[in-house]
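Commentary on secondary and tertiary structure
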Amino acid sequence: MPLAPFYSIIPCCPELGTASNYFNIPDGTVVDGVYIYNGVSTVVNTLTFEPGYCYTIDNIGDSITNYYDAPSKLTFTQEKLGCDVDTCHICSSEIPFAFDVYACCDSETVVTINILGASTILNSVFTYDGIDVITIGGVVFIPGNCYHVNYSGLSVEVSGPPASEFTFIAKICAAPRCPECPTIEQYLTFTSCCTDDPLYFKMPFGGFIPGVYSYVGTLVSGLENICYSITIHDVGVAPILNLPAYNLLPVAPVFSESVTYNTISDETTVCSFFTEECPTCPVPCYTLYSCDGDYFNTTVDLSEYVGTSTPIQIYNAGGVIPGTWYVFLNDGDCSNAVDDIAVNDVVPHPCDCICFTVVTNKVVKGQYIDCDGNLQKIIVNVSFCSLVYPFVDSATGPYEIVKGDSCVDGECPILCFELTECTTGEVITSQSQGLAQYFISGEVIELIGHPGCWTVTSDDPEDCTCPVDLTVTIVHADCPTCIGVIAYKLTNCENILDIKYTYDDLSEYIGQTLRTDCGCYTVELIDFQPTSISPIVIISSFAGCPECLRPYYMLEDCNEEEATVYTFTDLSAYVGQVINIKGCDTCWEVFDTDTPINPGIVTVTASFIDCPSCTPPLPCLCNRITNYSTTTKEYEYIDCNDESVSITLTAGQTSGKICLKRWVIDYPETDNLEIFGECTDLQDPKFTWECPETRPQRRIKPGYSVPTCDIDRWEKITCRASEIHYKEVMRLRYGLTNCCPEDDEKWLIKKELIDLAALVDPDYICAPLQSCGCAPSSCGCGCSSPLKTCSSQ
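The notes below deal with the structure included here.

Scoring rules and cut-offs
Residues numbered from 1 in each chain as written. Predicted model: local features only at pLDDT ≥ 70, side-chain atom pairs only at ≥ 80, totals over all residues. Heavy atoms only, no water. Pairing = 2+ DSSP bridges. Helix = DSSP H or I, 4+ residues; strand = E, 2+ residues; numbered from the N terminus. Axes fitted to C-alpha atoms, helices over the stretch in contact; angles between N-to-C directions. 1 Å grid on protein atoms, 1.4 Å probe; cavity = no way out; pocket = protein on both sides within 12 Å on 5 of 7 lines; lining within 4 Å. Points joined across faces, edges and corners; volume = space filled by probe spheres on them. Nonpolar A, V, L, I, M, F, W, Y, C, P; charged D, E, K, R; others polar. Buried < 20%, exposed > 50% of the residue type's maximum accessible area, 1.4 Å probe, protein only. Phe/Tyr/Trp six-rings, centres within 6.5 Å; stacked < 30°, edge-to-face > 60°.

With respect to the sheet that holds strand β48 (residues 621-627)
Sheet architecture is open: five strands sit in the order β50-β49-β51-β48-β52, paired in antiparallel fashion. Edge strands, defined here as strands with exactly one partner in the open sheet, are β50 (644-649) and β52 (671-678). Across the sheet, the mean angle from the axis of one strand to that of its neighbour is 40°, orientation sign disregarded. Examined bridge by bridge, strand β49 (residues 633-639) and β50 share six bridges and lie antiparallel to one another. Paired with Glu634 across the strands is Thr648, a residue of β50.

Things to note about the layout of surface pockets
Here the largest pocket is characterised by a volume of approximately 920 Å³. Considering the residues around the largest pocket, the lining is formed by 35 residues, among which Cys105, Asp106, Pro182, Gln186 and Gly207 are closest to the centre. When residues of the lining of the largest pocket are traced back to their parent elements, those giving at least two are β10 (106-114), β13 (139-141) and β14 (146-154). Considering every element that reaches the lining of the largest pocket, the biggest residue donor is β10, with four residues. Considered class by class, the residues forming the lining of the largest pocket number 23 nonpolar, eight polar and four charged.

Points about the sheet that holds strand β23 (residues 295-298)
Across the sheet, five strands lie side by side as β23-β22-β25-β24-β26; this open sheet has antiparallel pairing. Only two strands of the sheet have a single partner each, and these edge strands are β23 and β26 (342-343).

As for the pairing of strand β11 (residues 124-128)
Along β11, five of the five residues are buried, which leaves the element largely enclosed by surrounding structure. Residues Ser124, Phe126 and Tyr128 point to one face of β11 and Val125 and Thr127 to the other, with burial holding for every one of them. Inspection of the sheet shows β11 paired to β14 by four bridges, in the antiparallel sense. Paired with Phe126 across the strands is Tyr147, a residue of β14. Pairing of β11 with strand β16 (residues 166-170) involves four bridges; the strand directions are antiparallel. Its bridge partner being in β16, Thr127 is matched across the sheet by Thr167.

Section: the packing of aromatic side chains
Scanning the entire structure with this criterion turns up 44 aromatic pairs. Judged by centre distance (6.4 Å) and plane angle (80°), the rings of Phe126 and Phe166 are edge-to-face. Within this pair, whereas Phe126 is found in strand β11, its partner Phe166 is found in strand β16, the two being separated by 40 residues in sequence. You'll find Phe126 and Phe166 in the same group, each marked buried. Ring plane angle 75° and centroid distance 5.2 Å describe the contact between Phe208 and Tyr213, whose orientation is recorded as edge-to-face. Neither residue differs from the other here; Phe208 and Tyr213 are each classed as buried.

The structure is reproduced here in structure tokens:
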């Protein structure tokens, strides 16, 4: 695709719109200038073309891009005098043209301005030909420098230099007539006209012109409101020798006439030429502080003592002024300065460093000197170490300065505090030093992670072995203020207008529903004084109203062996009767209840009029029980004649065999219970029952045999060897020593012998070899050897 010229088209009248892109113009090439449109009314790319109106057309260059097609070149007539001629249609808007301008050496700093007398200018470079250096929005207009100017629309902006002070150079900044831009970083040196002390800065936004300036801005980075000789240097010129050193510099305040600087001269950097124009240089002021908190100002030169932790002794015409004094430079008010003092050669004893706390709930401004001799600002309610009694400059209300113990290594001694909860009396200890103010003030506090209201009752408890870190959230004057009103509102589940209030402690039931003697009520905590209160009789509690309102039933085991079951299944038809339920063979007697415990669902499988009708008689079984606990236990059982019997077993004692139906009191966790089958009723007048006869029996499978020896001997040897191995395992695992190891080796050898004998096959027959190409066999068979019977070995 061939290259074709493309254009910027901007209407002289803003009401016709502003194109957001470039255009192609058919039927020929158009030179830059102002043109009258003579075609029909049309709109292309948001731009309206109206007959009789003028348009500025700029040739941007050649491109293969297809842009919007503007009306034909044949519809435009060039007007060489510009937009402001009688031949162009008069615009209905008076909003001025606005332009984006940046210096060719600083394209990142852009300012939008109105240029008086300028028509639409697009992407062009001009030299500034004004007489004065001016700064607008960070852009410094320096005579002879090049600036890129671009039309940005119609808007009222700050006024820039007039069009008569700009000369067109080219379309781009890289033009031969534009001065070269610096290629390395530059820094500024601010040399005080009062003391010749230099300060170094990075170049600010918008650049800077060397000269003499009075700094009138905020006192930052060591600057004072005095005159400075400001010069520009390349990085690499001492003392800023490299980029790392440059990057550590602060940025100089941006130039703004009468806001940050007053220009004394931008033609010379010699301060001595402008003694009358520059502000009077300030006289240094010093403040002296004593151990007792006394202080005063002086203009006597004490600069050699500033910044040291060594105190001085001073005197005047009347002799030595009592006290040890520390010297600090005063950058603020120097009122009532004393000038008739001098420093004595004697170095006084330093002040003791003491722990102080300024306690208040108001704003207090003041200072103190830390243990290293540095001046610090007071932070209220926080302990600090000071060489001098803290001095307060101002306060919005009452405060108290509390003096503590001597500091250790520049730190206040760590105190332990005892806190007591207002309602429960619970006591905790803490070494959180911020608690000191509440011990001093007696205020009550609330803490994170420790509910309730706490008062700091001691700063030296007897026991501080388990201190906890504490964070204060809310402060109250006293316990009643902290605790506030604690009451409860109860709303009836069936009638929301039925509301009761109480001071009874229902804290564990908040958000739940209570069944009371008056019905079911939901519980909520309130913090206001109720109009009336009622005593609350709690029967049971539930998660919500539905659970509270429905009926519940209690199932008790007829044999009193199983735990009671609670259910909300409708068993109203079975109350007072006995039932069986699905999944359980027990007989259950049914009762109403208001206090269910973990109720569930049951399914009735059968019902009976009473327990005897449902429950089969318990069998009479022969029992023997052993008390394996370490104490004597009392036992109770129901014998086979349905009578209750009690026995006592000492620790480790075993009862005889007893015929009984069930145990009433036993201890399954420590007892060993043996059952030997059903007892026999002797059918005598005494209703006597007898345990069945039991004999120990040895059970073996038919055809049982052992590989060698007789059965009894083989089992005896095997059991003894197994017991020896078991004892060895116990010794290795638990360190339990075998008390009788004398015969162990003998029985282990016997075990190995019977195991070896078991390996011999009694049915194996050795046959003589037919050839002599082999070595003798292990059983004696081989070439030319007599035949032997392996089973004889």
